[in-house]
Amino acid sequence: MFSLLVPFAAGLVALPLAYLAWVALSTDKKTNAAIQENLNRRLPAHAIEESPEEGLFLRLGKKITPAGYVRRLDKLLSMAGRPANIPLGRVLAAKPAMAVVGFAVGIFLSSASPSPILKLLGLFVLGFGYFIPDLLLMSKGQERQKAIQLELPNTLDQMLIAVDAGLGFEGAMARAGETGKGPLAEELVRTLQDMQVGRSRRESYLALTERTNVPELRSFVQAVVQADAYGIAISGVLRVQAKVMRVKRRQRAEEKAMKLPVSVLFPLLFFIFPVLFIAILGPAVISSIETFSGQ
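Residues numbered from 1 in each chain as written. Predicted model: local features only at pLDDT ≥ 70, side-chain atom pairs only at ≥ 80, totals over all residues. Heavy atoms only, no water.

Asker: Honestly, the overall build of the chain in this entry has me stumped. Any pointers?
Answerer: Within the chain, the regular secondary structure consists of 13 helices and 0 strands. Along the chain, helices and strands appear, N-terminal first, in the series α-α-α-α-α-α-α-α-α-α-α-α-α. Restricting to contacts in the chain with at least 6 residues of sequence separation, those with at least 24 account for 65%. For the chain, the exposed surface amounts to about 19,100 Å²; the carbon and sulfur share of it is 66%. (Helix = DSSP H or I, 4+ residues; strand = E, 2+ residues; numbered from the N terminus. Contact = heavy atoms within 4.5 Å. Areas by Shrake-Rupley, 256 points an atom, 1.4 Å probe, with all protein chains shown as cover.)

Asker: Can you help me understand the pattern of salt bridges in this one?
Answerer: A side chain with one charge can pair with a side chain of the opposite charge if their charged atoms come near. Tallied over the entire structure, the rule returns 15 salt bridges. Its salt-bridge partner being R72, residue D134 comes within 3.4 Å of it at the nearest N-O pair. Taken together, the residues D134 in helix 8 (residues 132-164) and R72 in helix 5 (residues 67-79) connect sequence positions 62 residues apart. The structure contains a network of salt bridges with shared partners spanning R144, E186, E187, R190, D194, R199 and R211. (Salt bridge = Lys/Arg side-chain N within 4 Å of Asp/Glu carboxyl O.)

Asker: I keep staring at the nonpolar core and nothing clicks. Help me out?
Answerer: It is characteristic of soluble globular proteins that their nonpolar side chains tend to be buried jointly. In this structure, L156, M159, F169, Y205, L217, F220 and L238 are the most contacted members of the largest nonpolar core, which totals 26 residues. At the level of elements, helix 8, helix 9 (169-179), helix 10 (183-196), helix 11 (201-211), helix 12 (215-230) and helix 13 (234-294) are the ones that each hand at least two residues to this core. At 7 residues, helix 8 tops the list of elements feeding residues into this core. With residues up to four places along the chain from it excluded, the contact list for L217 reads I148, L152, L184, L208 and T212. (Core = buried A, V, L, I, M, F, W, Y, C linked by side-chain atoms within 4.5 Å. Buried < 20%, exposed > 50% of the residue type's maximum accessible area, 1.4 Å probe, protein only.)

Asker: Mind showing me how you'd approach the packing of helix 11 against helix 12 here?
Answerer: Relative orientation and spacing of two packed helices are given, respectively, by the angle between their axes and the distance between those axes. Direction vectors running N to C along helix 11 and helix 12 enclose 170°, while the axes themselves pass 9 Å from each other. Of the possible angle classes, the one that applies to helix 11 and helix 12 is roughly antiparallel. Together, R201, R202, Y205, L206, L208 and T209 of helix 11 and L217, R218, V221, V224, V225 and D228 of helix 12 make up the contact between the two elements. Tallied by class, the residues present in the contact of helix 11 with helix 12 amount to 7 nonpolar, 1 polar and 4 charged. (Axes fitted to C-alpha atoms, helices over the stretch in contact; angles between N-to-C directions. Parallel < 35°, antiparallel > 145°, perpendicular 65-115°, else oblique. Nonpolar A, V, L, I, M, F, W, Y, C, P; charged D, E, K, R; others polar.)

Asker: Teacher, can you tell me more about the packing of helix 10 against helix 11 here?
Answerer: Across the interface, helix 10 lies against helix 11 with an axial gap of 9 Å and an inter-helix angle of 145°. As helix 10 runs across helix 11, the sense of the crossing is right-handed. The segment helix 10 lies against helix 11, with E187, R190, T191, D194 and M195 engaging R201, S204, Y205, A207, L208 and R211. (Left-handed = near helix turned anticlockwise from the far one by under 90°.)

Asker: When you look at the side chain of Q145 in this model, what are you seeing that I'm missing?
Answerer: Topologically, Q145 is positioned in helix 8. With a relative accessible area of 10%, Q145 lands in the buried category. Sequence-distant contacts of Q145, defined by excluding residues within four places in its chain, comprise M79, R211, T212, N213 and V214.

Asker: Quick question: what am I supposed to make of the packing of aromatic side chains here?
Answerer: The description of an aromatic ring pair uses the distance of the two centres, along with the angle that the planes make with each other. Under the definition given, this model contains 4 aromatic pairs. Seen in terms of ring centroids, Y130 and F131 are 5.2 Å apart; in terms of plane orientation they differ by 90°. Their pairing is edge-to-face. Accessibility expressed as a relative area gives 40% for F131, which makes it partly exposed. Ring geometry for F169 and F220: centres 6.5 Å apart, planes at 50°, overall tilted. Linking F169 in helix 9 with F220 in helix 12, this pair joins segments that are 51 residues apart in sequence. Here the aromatic cluster, defined as three or more aromatic residues joined through ring pairs, consists of F169, Y205 and F220. A cation over a ring is seen here: K95 above Y130, with NZ or CZ 4.1 Å from the ring centre. (Phe/Tyr/Trp six-rings, centres within 6.5 Å; stacked < 30°, edge-to-face > 60°. Lys NZ or Arg CZ within 6 Å of the ring centre and 35° of its normal.)

Dropping the structure here:
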């Protein structure tokens with residue numbers, strides 16, 4: 001019993017420490033004036049890559065992180081919406097910092113007891129600390145993709161109404177982006193900004209699918225690209241896609257409703273039924289024990 005309580009207590013200590021360290025590293029301490037100054041100032045590429053103001057953990061993170069893994073982190077940041085307070089450099093700096101925290105906890109666990117289980121737990125905490133930024137980015141990205149999936153049917157209905165009222169497709173996108181408040185509205189605005197800086201419509205639409213991971217949005221973008229390539233009326237495409245999205249939303253709701261009894265089954269068996277049995281059969285069992293003990 002003691003051998004199980006020690007790793008559990010160590011995990012309760014390590015996780016809050018790692019989370020506090022991640023929060024401290026991901027906090028944006030720069031003011032808006034400094035950000036605006038950096039945006040207006042043009043630096044050469046080598047000055048940005050080899051800036052002497054880089055911290056120790058950032059330089060260490062750039063050295064030990066492979067280029068393919070950096071691209072994967074950049075993809076996770078893109079899925080998460082590229083939060084302003086968590087740039088790629090801060091993520092690269094946070095990974096070795098989390099590893100150092102995990103290493104300290106692992107040394108503490110290894111020195112606390114010579115048990116091999118605790119030594120293995122220390123190695124696990126070391127690796128877990130290094131991958132905490134990845135897990136946080138994946139969690140944030142999944143939440144964002146779910147929000148986009150939920151907002152898509154209503155956004156398409158709004159765009160269809162705007163197109164039927166006489167607006168063009170880009171005007172309908174701009175209208176949906178201005179009135180919307182979720183991540184899908186942000187992505188629509190980003191797509192329009194890509195067009196404004198000179199990217200073609202096809203490239204801007206495909207970049208939208210690369211920044212998201214929603215199958216419904218991907219199929220909608222492919223339909224729009226094909227309609228633009230073959231000259232199909234965009235109102236008909238929007239009407240069909242909006243109808244399909246509504247059907248899929250209803251199907252997802254029905255699927256969740258069908259999964260609900262299975263999800264409730266295990267809490268019902270392990271938590272509710274035992275309490276009911278104790279409340280109903282408890283007095284009868286106690287009276288029976290008293291009766292037979294008296295005989």
